[in-house]
Amino acid sequence: MSIDTSTEYAASLDARDPLANYRAQFHIPRAENGEEAIYLCGHSLGLQPKRAREYIEQEMKDWQDLGVEGHFRGRHPWMPYHRLLTDQTARLVGAKPIEVVVMNSLTVNLHLMMVSFYRPTAQRHKIVIEASAFPSDQYAVKTHLLSRGYHPEESLIELTPRPGESAIREEDIQSLIAREGHLIALIMLGGVNYSTGQAFDMAAVTAAGHKKGCVVGFDLAHAAGNLQFQLHDWNVDFAVWCSYKYLNGGPGCIAGCFVHERHANDPRLPRYAGWWGHDEQTRFQMGPNFHPQSGADGWQLSNPSILSMAALRASMDIFDDAGIANLRQKSIALTGYLESLLDQHASDKFTIITPRDPERRGAQLSLRIAKAGRALRNRLLHEGIMCDWREPDILRVAPVPLYNSYTDVHRFVSAFIAALG
Ligand SMILES: Cc1ncc(COP(=O)(O)O)c(C=O)c1O
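So, here's what we can say about the structure.

About the criteria used
Residues numbered from 1 in each chain as written. Predicted model: local features only at pLDDT ≥ 70, side-chain atom pairs only at ≥ 80, totals over all residues. Heavy atoms only, no water. Helix = DSSP H or I, 4+ residues; strand = E, 2+ residues; numbered from the N terminus. Rg over C-alpha atoms; globule rule 2.2 N^0.38 Å. Buried < 20%, exposed > 50% of the residue type's maximum accessible area, 1.4 Å probe, protein only. Contact = heavy atoms within 4.5 Å. Areas by Shrake-Rupley, 256 points an atom, 1.4 Å probe, with all protein chains shown as cover. Pairing = 2+ DSSP bridges. Axes fitted to C-alpha atoms, helices over the stretch in contact; angles between N-to-C directions. Parallel < 35°, antiparallel > 145°, perpendicular 65-115°, else oblique. Left-handed = near helix turned anticlockwise from the far one by under 90°. Nonpolar A, V, L, I, M, F, W, Y, C, P; charged D, E, K, R; others polar. Core = buried A, V, L, I, M, F, W, Y, C linked by side-chain atoms within 4.5 Å. Polar contact = N/O pair within 3.5 Å; in protein donor to acceptor, adjacent residues only side chain to side chain. Near = heavy atom within 4 Å.

## Considerations on the overall build of the protein chain
Alright, step 1. The helix and strand inventory of the protein chain stands at 13 helices and 13 strands.
Alright, step 2. Its C-alpha radius of gyration of 22 Å places the protein chain within 12% of the 22 Å reference for a compact globule of 421 residues.
Alright, step 3. Counting every position in the protein chain, which comprises 421 residues, the buried fraction comes to 55%.
Alright, step 4. Counting contacts in the protein chain only where the partners sit at least 6 residues apart, residues at least 24 apart contribute 70% of the total.
Alright, step 5. Accessible surface, the protein chain: about 18,000 Å² in total, of which carbon and sulfur atoms supply 52%.

Below is the structure:
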């Protein structure tokens, strides 16, 4: 299909974009020539909301002025500070407030969830992941299996695309579950695969898994703030995500966790406990026995980093204002525009390996590059275009609806095609 490839058309799309003003709420990194870079790395580290500094400085000031009293008398007292994020987080991931909490980091949360939700039996002890899951997920799942007395060779099922294909077919996931579901204790997929950008049908996977008695959890690192989903209504058992990608919380920002309401007060679930998960009413009686708070809050271990949460709040306020449904709508259009511009230059020098169906992807397109290698990414960087390279041959490009424009996408495609030669 041919489309208008002019810069004027890109500018006209920007002029009609109802979300275009949100870009001004972010710091855009500078290129070598001092101009604003074309930043297409929100799948890796989201940009800094301009107000993040003010939110953090407020807490620095309370710490300076109040010391330990900041826990109770600060403008936003630190004791219940994490609750400031609860409603916004719940809205973002389609959950009830009792089902979400911000705590720890992603991989830590994944282990904590497996402590509670990987309940193997002699017959049912397998875990299903993507063969191309992010390495940290693979390390977590494999070492978790070993720590529980199981061996990945017998207890891990890795989903792969069919030979010659890049995405895993949904029908293959469904037939695996139908065939081997009675042996599977836990299905743990990414909401969006970090490498291919494939978005899984979380509702369908959860329904199929539950039909066979499996627990179903998701790593939403590349899905949170990117896709719109309904974790509660879809009956997902648990989910974990980081907040430094599409959620713009800053490097190493505190992570998120979802535990479905039906598990909120289940005393049979084992867990690794810490004092911050203890019932708030009696936490400071300093008793020796653990009584968890209900819901996701009861999985907290430690008192959380206030400065990290302050930065995240700055971004979550923007998400709340823009609305994830509106952002997703723009994202589909923006990524579709990127795809159509690239298609105008189709050649054997690159292949789009991300699914073509907008429902099966988020903001990211992954391009398999035939020859140019990492030098291509470095050349783009030199020209002020920031996207990332994943060995051996993938360039990942993420136009983020909160701060990227159609003009950004247009400039990327021109520079990319020129660099390919
Ligand atoms: C899909 C996925 N899982 C896990 C991780 C690891 O996250 P963390 O270092 O926050 O534990 C990442 C980091 O990029 C990721 O993309």
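Once the structure has been displayed, the description carries forward.
## Quick word on the pairing of strand S13 (residues 394-397)
Alright, step 1. By the alternation rule, side chains of S13 split into Ile394 and Arg396 and Leu395 and Val397, which are all buried.
Alright, step 2. Of the strand pairs in this sheet, strand S10 (residues 365-369) and S13 are connected by four bridges, and their pairing is antiparallel. Following the sheet pairing, Arg368 is matched in S13 by Ile394.
Alright, step 3. With three bridges joining them, strand S12 (residues 388-390) and S13 adopt antiparallel strand pairing. Across the sheet, Arg390 pairs through a bridge with Ile394, a residue of S13.

## Things to note about the packing of helix H8 (residues 170-180) against helix H9 (residues 202-211)
Alright, step 1. Close contact between H8 and H9 brings their axes to 9 Å; oriented N to C, the two are set at 15°. The angle between H8 and H9 places the two elements in the roughly parallel class. The two elements H8 and H9 cross, and the hand of that crossing is right-handed. The segment H8 lies against H9, with Glu170, Ile173, Gln174 and Ile177 engaging Ala204, Val205, Ala208 and Gly209.
Alright, step 2. Here the contact of H8 with H9 is composed, by residue class, of five nonpolar, two polar and one charged.

## Points about the packing of helix H12 (residues 374-382) against helix H13 (residues 406-420)
Relative orientation and spacing of two packed helices are given, respectively, by the angle between their axes and the distance between those axes.
Alright, step 1. As a packed pair, H12 and H13 sit with axes 10 Å apart at the nearest point and diverge in direction by 130°. Considering their axes alone, H12 and H13 lie oblique with respect to each other. Our pair here, H12 against H13, has a crossing hand that is right-handed. Of the residues in H13, those touching H12 at Leu376, Arg379 and Leu380 are Phe412, Ala415, Phe416, Ala418, Ala419 and Leu420.
Alright, step 2. Along the lines of polarity and charge, the residues of the contact of H12 with H13 split into eight nonpolar, no polar and one charged.

## With respect to the nonpolar core
Alright, step 1. Residues Ile187, Leu220, Trp241 and Leu402 are the most contacted members of the largest nonpolar core, which totals 67 residues.
Alright, step 2. Broken down by element, this core gets its largest block of residues, nine residues, from helix H10 (residues 306-322).
Alright, step 3. Those residues within four positions of Leu220 in sequence are excluded, and the remaining contacts are Gly191, Met202, Phe229, Leu231, Ala239, Val240 and Trp241.

## Brief notes about the environment of Thr282
Alright, step 1. Positionally, Thr282 belongs in the loop between strand S8 (256-259) and H10.
Alright, step 2. The class for Thr282 is partly exposed, based on a relative accessible area of 24%.
Alright, step 3. The sequence separation of Thr282 and Phe258 amounts to 24 residues, and the corresponding C-alpha distance is 24 Å.
Alright, step 4. Separated by 3.1 Å, the side chains of Thr282 and His278 make a polar contact.

## A word on the site of the ligand
Alright, step 1. Taken together, Leu106, Thr107, Phe134, Ser136, Asp137, Asp219, Ala221, His222, Tyr244 and Lys245 make up the full set of residues near the ligand.
Alright, step 2. Contacts to the ligand include Asp137, whose side-chain N or O atom sits 3.0 Å from a nitrogen atom.
Alright, step 3. Relative to its unbound accessible surface of 400 Å², the ligand loses 82% to contact with the protein.

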